[in-house]
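# Structural description and commentary
Chain by chain, the residues run as shown.
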Amino acid sequence: MRPPHTHHPHQPLTESFQQDIVHRLPSQSPLLFAAKKQKNLSFETIAKALGREEVAVAALFYGQAKASEEDVKNLAKVLDIPEAKLMETEMTGWPDRGRQMEMPPKEPLVYRLFEIVQNYGYAYKAVMNEKFGDGIMSAITFSTKVEKEEDDKGTWCVITLRGKWYVLLCRVS
């Protein structure tokens, strides 16, 4: 059995960039990740500077979210990247979501997230339908966060998904 991975404060927080998917990412991604690595910043630190959640900031790095002009200005400042250089990228354009992922995912942690939906998707659906009625949880009017919990049984990853509920209206004529 492998010992649990523990993050030490002196380890770089920049191991999140996957070189094997770089060809599928927008032009800002290598630029942002290089600056993040050079400054040894976590997504949490960058998120605080932007006034956003850390997963939302990571989504900007991967091109899965649209950056506002204020986001670009703040990213330029915290990462020491010329604002004009970031504005030349696709950051403020419409995201091309999901393009960097193969299905099923090959990266082990991403696969486990896929597996959670695969295994519990219908259970989530049944419980949501009981609580909210027929509808869907938005992935656009949406927020998420990742938290770390520790107890006597170990270290736990807590992922919160928060999406607006939209009631489906089906009219049969």
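Reading guide: rules and limits
Sequence order as written defines the numbering, with residues in each chain counted from 1. Owing to the predicted nature of the model, reporting of local features is limited to residues with pLDDT of at least 70; listing and counting of side-chain atom pairs is limited to 80 or more, with chain, interface and lining totals taken over all residues. No hydrogens and no water enter the side-chain calculation; it runs on all heavy atoms of the structure. Here, axes are lines fitted to C-alpha atoms. For helices the fit covers the stretch in contact, and angles between N-to-C directions go from 0 to 180 degrees. Under the DSSP-based scheme used, a helix requires at least four consecutive residues in state H or I and a strand at least two consecutive residues in state E, with every element numbered from the N terminus. Here the angle decides the label: under 35 degrees means roughly parallel, over 145 means roughly antiparallel, 65 to 115 means roughly perpendicular, and every other value means oblique. Contacts are assigned to residue pairs that have any heavy atoms within 4.5 Å of one another. Ten residues, namely Ala, Val, Leu, Ile, Met, Phe, Trp, Tyr, Cys and Pro, are considered nonpolar, four, namely Asp, Glu, Lys and Arg, are considered charged, and the remaining ones, Gly among them, are considered polar. Burial classification: accessible surface area is computed with a 1.4 Å probe over protein chains only, and a residue below 20% of its type maximum counts as buried, one above 50% as exposed, and the rest as partly exposed. Residues belong to a common nonpolar core when they are buried Ala, Val, Leu, Ile, Met, Phe, Trp, Tyr or Cys residues joined through side-chain atoms within 4.5 Å.

## What to know about the packing of helix H1 (residues 28-39) against helix H4 (residues 69-79)
It is the contact of H1 with H4, at a shortest axis distance of 10 Å, that shows an interaxial angle of 40 degrees. Judged on the interaxial angle alone, H4 and H1 are oblique. Counting all contacts with H1, which are made through Leu32, Ala35, Lys36 and Lys39, the residues of H4 involved are Leu75, Val78 and Leu79. Here the residues of the contact of H1 with H4 sort into 5 nonpolar, no polar and 2 charged.

## Focus: helix H3 (residues 54-61)
Think of an α-helix as turning once every 3.6 residues; residues three or four places apart then point the same way. Residues of H3 that are buried include every one of Val57, Ala58, Ala59, Leu60 and Phe61, and no others. Remark: Gly63 follows H3 within two positions and exhibits a positive phi of approximately 75 degrees.

## Considering the environment of Thr89
With respect to the secondary-structure elements, Thr89 resides in the loop between helix H5 (83-87) and helix H6 (108-132). Every residue in contact with Thr89, bar those within four places of it in the chain, is listed here: Ser27 and Gln28.

## A few points about the nonpolar core
Core analysis: the biggest nonpolar cluster contains 26 residues, and Leu32, Ile46, Phe61, Leu75, Leu79, Leu86 and Met91 have the highest contact counts within it. Beyond its immediate stretch of four places on either side in the chain, Leu32 contacts Leu60, Phe61, Leu75, Leu79, Ile81, Leu86 and Met91.

## So, H4
All buried positions along H4 are accounted for by Asp71, Val72, Asn74, Leu75, Ala76, Val78 and Leu79. Structurally, H4 contributes buried residues whose contacts are with H1, helix H2 (43-50), H3 and H5. After H4 finishes, the residue Asp80 shows a positive phi value of roughly 55 degrees.

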